[in-house]
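Here's the letter readout for the chains.
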Amino acid sequence: MNKHLLTSLVGSISLTLSAASFASEDGLAVTMNDLKSGQSMGTIMVSSYDDDGVVFKPNLTGLTPGLHGFHIHQNGDCSVAMKDGEKVLGGAAGGHFDPEKTDKHDMPWSEKGHEGDLPALFVDNDGSALHPVFAPELELDDIQGKAIMIHADGDNYSDSPEPLGGGGARVACGVIPE
């Protein structure tokens, strides 16, 4: 998908969600921490949206401007883990949440990929992320106790040419309360 088209799509979705009235303003607060420094980058409010999916309302700072891969990971643990003899920041979170065992990274609105595949997170030029993200294929009950991960790079919603959308390194992580 064309980068400009994707940016426009994310912006349109964000504006639509910003104008919508949410079913529950309460939600669950997730503290997101920078995986290098351990410092808080802010919070993401996670809530059900009229039984039609889950809304993620970020209030984050300190991120690189642009689009970032944004996913639910299978384990509620943001600590370092070893993989192939190397330390991976946030590695204990495991891979993308994939209860149907599709083993495929896909569009966030598709039933053919990981349930943890979310729309990309948009970060403004000042490093803040404030635009809501809507995930129609999720239910809040299914992701409680799982990790939310922000990656260094964008997401092409495919395993090609890069696996897992090309999101790259894990830069921020938080655990959704149960």
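Just so you know, these numbers come straight off a predicted model, no measurement behind them.

**Some details on the overall build of the protein**
Point 1. Counting its regular elements, the protein contains two helices and eleven strands.
Point 2. Reading the helices (α) and strands (β) of the protein from amino to carboxyl end gives α-β-β-β-β-β-β-β-β-β-α-β-β.
Point 3. Burial status across the protein gives 42% buried among its 178 residues.
Point 4. Contacts in the protein between residues at least 24 apart in sequence constitute 61% of all its contacts with a sequence separation of at least 6.
Point 5. Carbon and sulfur atoms make up 49% of the accessible area of the protein, which totals about 9,000 Å².

**Focus: the state of the cysteines**
Point 1. Per the counting criterion, the structure on display carries one disulfide.
Point 2. With its sulfur 2.0 Å from that of its partner, cysteine 78 forms a disulfide with cysteine 173. Between cysteine 78 and cysteine 173, the S-S torsion sits near -70°, and that sign places the bridge as left-handed. With a gap of 95 residues between them, cysteine 78 in the loop between strand 5 (70–73) and strand 6 (81–83) and cysteine 173 in strand 11 (residues 170–175) connect regions that are remote in the sequence.

**Regarding the pairing of strand 11**
Point 1. Looking at chain direction, strand 1 (residues 28–34) and strand 11 are connected through two bridges and run antiparallel. Looking across to strand 11, one finds that asparagine 33 is bridged to cysteine 173.
Point 2. Strand direction decides the pairing type here: strand 10 (residues 147–151) and strand 11, joined by five bridges, are antiparallel. Of the residues in strand 11, the one forming a bridge with histidine 151 is arginine 170.

Reading guide: rules and limits
Residues numbered from 1 in each chain as written. Predicted model: local features only at pLDDT ≥ 70, side-chain atom pairs only at ≥ 80, totals over all residues. Heavy atoms only, no water. Helix = DSSP H or I, 4+ residues; strand = E, 2+ residues; numbered from the N terminus. Buried < 20%, exposed > 50% of the residue type's maximum accessible area, 1.4 Å probe, protein only. Contact = heavy atoms within 4.5 Å. Areas by Shrake-Rupley, 256 points an atom, 1.4 Å probe, with all protein chains shown as cover. Disulfide = S-S within 2.5 Å. Pairing = 2+ DSSP bridges.

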